[in-house]
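Read off the chains here:
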Amino acid sequence: MTAQSTKQPTVPPRWFVRTAWVVHRAIYRLTFGRLGLWAPKPNRWGTMRLTTVGRRSGKERSVILGYYEDGPNLFTLAMNGWADPEPAWWLNLQAQPDATVDLVGEARAVRARAAQGAERSRLWARWSDIDRQLDAYAAKRSSPTAVVILEPRPASP
């Protein structure tokens, strides 16, 4: 084993992570969605804008997340910048699983659920093929990181 393979990944300070999220959302808003989202490629995840309903406020809440496609579904990780608490968007989806996602050139109505068992293992392995330090980052959290499936649903009338 080399020294590089045993080195634990470093998570940026929380203020930096939060600032990066704010800047990314601002770029998306200021460019009216022209910048800030991209489609996944074979060796790179894409970004989507997920809009949920706040579990306490009832108001729409939007975040930009990394994702991959899995057939007709999208999947992402509920990682909260590798901080310990669950991300608010995932808590919102657990309370109200219907949401919308904006992708490059399209919007989709989706229903969220957590992947379980073999499906979770398969999708986790797919993400870790790109992010070789995924398991090391996940080990920094006190609870398992949910793999969130966003399945297509018919749009509301």
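Structure report, in brief.

**Here we look at the side chain of Asp102**
Note on placement: Asp102 falls in strand 4 (residues 98–103). Assessed through its relative accessible area of 17%, Asp102 is described here as buried. Beyond its immediate chain neighbours, meaning those up to four positions away, Asp102 contacts Tyr28, Leu37, Met48, Arg49 and Ala107.

**Details of the packing of aromatic side chains**
All told, the structure shown has five aromatic pairs when counted by the stated rule. Centroid distance Phe75 to Trp127: 6.0 Å. Interplanar angle 70°. Geometry classified as edge-to-face. Within this pair, whereas Phe75 is found in strand 3 (residues 73–78), its partner Trp127 is found in helix 4 (residues 117–130), the two being separated by 52 residues in sequence. In this structure an aromatic cluster arises from ring pairing among Tyr68, Phe75 and Trp127.

**Re the environment of Ile27**
In this fold, Ile27 is placed in helix 2 (residues 14–30). It is 15 Å that separates the C-alpha atoms of Ile27 and Leu103, two residues lying 76 residues apart in sequence.

**Some remarks on the sheet that holds strand 3**
Strand order in the closed barrel formed by six strands is 1-2-3-6-5-4, and the pairing between neighbours is antiparallel. Ignoring strand direction, the axes of neighbouring strands in this sheet form an average angle of 45°. Where strand 5 (residues 106–114) meets strand 6 (residues 146–152), five bridges bridge the pair, whose relative direction is antiparallel. Bridged to Ala112 within strand 6 is Leu150. In the packing of helix 3 (residues 88–95) onto the sheet, contacts are made with strand 1 (46–53), strand 2 (60–70), strand 3, strand 4, strand 5 and strand 6, and the angle to strand 1 comes to roughly 50°.

**Comments concerning the environment of Trp89**
Looking at the element boundaries, Trp89 is found in helix 3. Trp89 sits 17 residues away from Pro72 along the chain, and the two C-alpha atoms are 21 Å apart. Setting aside chain neighbours within four positions, we find Trp89 in contact with Leu50, Thr52, Val63, Leu65, Thr76, Leu77, Ala78 and Val148.

Rules used throughout
Residues numbered from 1 in each chain as written. Predicted model: local features only at pLDDT ≥ 70, side-chain atom pairs only at ≥ 80, totals over all residues. Heavy atoms only, no water. Helix = DSSP H or I, 4+ residues; strand = E, 2+ residues; numbered from the N terminus. Buried < 20%, exposed > 50% of the residue type's maximum accessible area, 1.4 Å probe, protein only. Contact = heavy atoms within 4.5 Å. Phe/Tyr/Trp six-rings, centres within 6.5 Å; stacked < 30°, edge-to-face > 60°. Pairing = 2+ DSSP bridges. Axes fitted to C-alpha atoms, helices over the stretch in contact; angles between N-to-C directions.

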